[in-house]
Each structure stands twice: as structure tokens, then as C-alpha cells.
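The chain contents come next:
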Amino acid sequence: MKCIWMTTEGLPCDSDALSGKELCWFHDPEIEESRREARSRGGRASRASMKPAGIVFDVKSVEGILATLQGVGVALSDGRCDRSIANTFGILCKNAAETHKIVAFTKRLERVERRLGLNKNALDDTEDDDYDG
Ligand SMILES: [Zn+2]
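Note that the structure is a prediction, hence the values are computed from the model and not measured.

So, the nonpolar core
Residues Ala-53, Ile-55, Val-72, Cys-81 and Phe-89 constitute the largest nonpolar core, which totals 5 residues. When residues no more than four places from it in sequence are discounted, the contact partners of Phe-89 are Ile-55, Thr-68 and Val-72.

This is how it looks when you write it as C-alpha cells:
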């Protein structure tokens, strides 16, 4: 059953009424109190997230990333941070790990190119000079 509440223009609410009631969660005056509670819980949750969670953030090295993830896991299980903070740390660590991977790969590629005597200038400038036929 739909909520019987109407806008001042006479449009229906369109939300489902609470079971055994004629109004939905938004429009039932009895729900107002629990709604206020939910709002203040939300407020507490967002204030709580601004408290330091005691997690050391270090993504300067792969070891630092692992230590950060370890700290996030411990903080989460100790209740020092919530899932949204843990997820945010997770995303930052994932991005950092990805960047470390790209940097390491680029360095490795440069080493291989040096060892093979390859570089962009050699390919562009000296190909004809080396030809003795
Ligand atoms: Zn309604």
C-alpha cells in the first residue's frame, strides 16, 4: 500500500506506507522521533570519522603499503575506524601499489634497454651511420 500523504499540489507521496499504517517512514509523525535519532546517529558517525584512527599512512615503499594495510586491519578490528575509513585507506594503498608497480616496471625496462644498448636516440640517429654495406 502506498502512503496517503499528498503534496500541497495534491500529488501523492509514492513511497510505500509502513506496514499496518497509512503513511510512509517520511510522513508518519510517530516515526519523526526515530528519524531524528537516525539523523543524530549519522551525525555522530561522521564526527567519529574525523577522530584520528591511529593508523600510520606510509605508501613510500611496498613495505610501507603492507604496514599501512596491516594497521588498517587492526584498527578496523579494534573498532578505531569504520569500514568507510578502511575502504578509503584500501583505495589509497591500491593506487599507491599500482603506481609503485608502474615505476618499478619503467625502471626495469630502462635497465634492459641500456643493457641492450637501446635508447630512443640510438634508434633515431645512428641507424644509417652503422650500416657498412
Ligand atoms: Zn509518504
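There's plenty left to go through after this.
Section: helix α2 (residues 62–78)
Helix length check: α2 (17 residues) gives 24 Å between terminal C-alpha atoms against 24 Å at 1.5 Å per residue, within 8%. Those residues of α2 that sit buried are Ile-65, Thr-68 and Val-72. One face of α2 carries all of its buried residues, which in axial projection span an arc of 60°. Across α2 from its buried face, at more than 90 degrees, point the exposed residues Glu-63, Gln-70, Ser-77 and Asp-78. Contact partners of the buried residues in α2: α3 (83–115). Gly-79 sits one or two positions beyond α2 and adopts a positive phi of about 75°.

Brief notes about the confidence of the model for the protein
In the predicted model, the protein carries a mean pLDDT of 82, and the fraction of residues at 70 or more is 81%. By mean pLDDT, helix α4 (residues 120–125) is the weakest element of the protein at 54, and α2 is the strongest at 95.

Considerations on the packing of α2 against α3
Relative orientation of the contacting elements α2 and α3 amounts to 170°, with a least axis distance of 10 Å. The orientation of α2 with respect to α3, classified from their angle, is roughly antiparallel. Considering how the two elements wind past one another, α2 and α3 form a crossing that is left-handed. Along the contact surface, α2 presents Val-62, Ile-65, Thr-68, Leu-69, Val-72 and Leu-76, while α3 presents Ala-86, Phe-89, Gly-90, Cys-93, Ala-96, Ala-97 and His-100. Here the residues of the contact of α2 with α3 are counted per class, giving 10 nonpolar, 3 polar and no charged.

What to know about unusual backbone geometry
The backbone of Asp-14 shows a phi angle near 80°, a positive value even though the residue is not glycine. Looking at the secondary structure, you find Asp-14 in the segment before α1 (32–48).

Rules and cut-offs
- Each residue is numbered by its place in its chain's sequence as written, counting from 1.
- Reporting of local features is limited, given that this is a predicted model, to residues whose pLDDT is at least 70; pairs of side-chain atoms are given and counted only at 80 or more, and all residues count toward the totals for whole chains, interfaces and linings.
- Buried Ala, Val, Leu, Ile, Met, Phe, Trp, Tyr and Cys residues form a nonpolar core when they are connected through C-beta atoms within 7 Å.
- To assign burial, the other C-beta atoms lying within 10 Å of each residue's own C-beta are counted, with C-beta atoms placed from the backbone; 20 or more indicates buried, 12 or fewer indicates exposed, and intermediate counts indicate partly exposed.
- Here the contact rule is simple: place C-beta atoms from the backbone, and any two residues whose C-beta atoms are within 7 Å are in contact.
- Per the convention used, a helix needs a DSSP run of H or I reaching at least four residues, while a strand needs a run of E reaching at least two, with both numbered from the N terminus.
- In this scheme, a helix's expected span is set at 1.5 Å multiplied by one less than its residue total.
- The arc refers to the directions leading from the helix axis to the C-beta atoms.
- Along the chain, pLDDT gives the predictor's confidence residue by residue, from 0 to 100.
- As a rule, the C-alpha atoms of each element are fitted with a line to give its axis, helices using only the stretch in contact, and angles between N-to-C directions run from 0 to 180 degrees.
- An angle counts as roughly parallel when it lies under 35 degrees, as roughly antiparallel when it exceeds 145, as roughly perpendicular when it falls between 65 and 115, and as oblique in every other case.
- Rotating anticlockwise by less than a right angle from the far helix to the near helix defines a left-handed crossing, while the corresponding clockwise rotation defines a right-handed one.
- Residue polarity is assigned by list, with Asp, Glu, Lys and Arg as charged and Ala, Val, Leu, Ile, Met, Phe, Trp, Tyr, Cys and Pro as nonpolar; anything else, Gly included, falls into the polar class.

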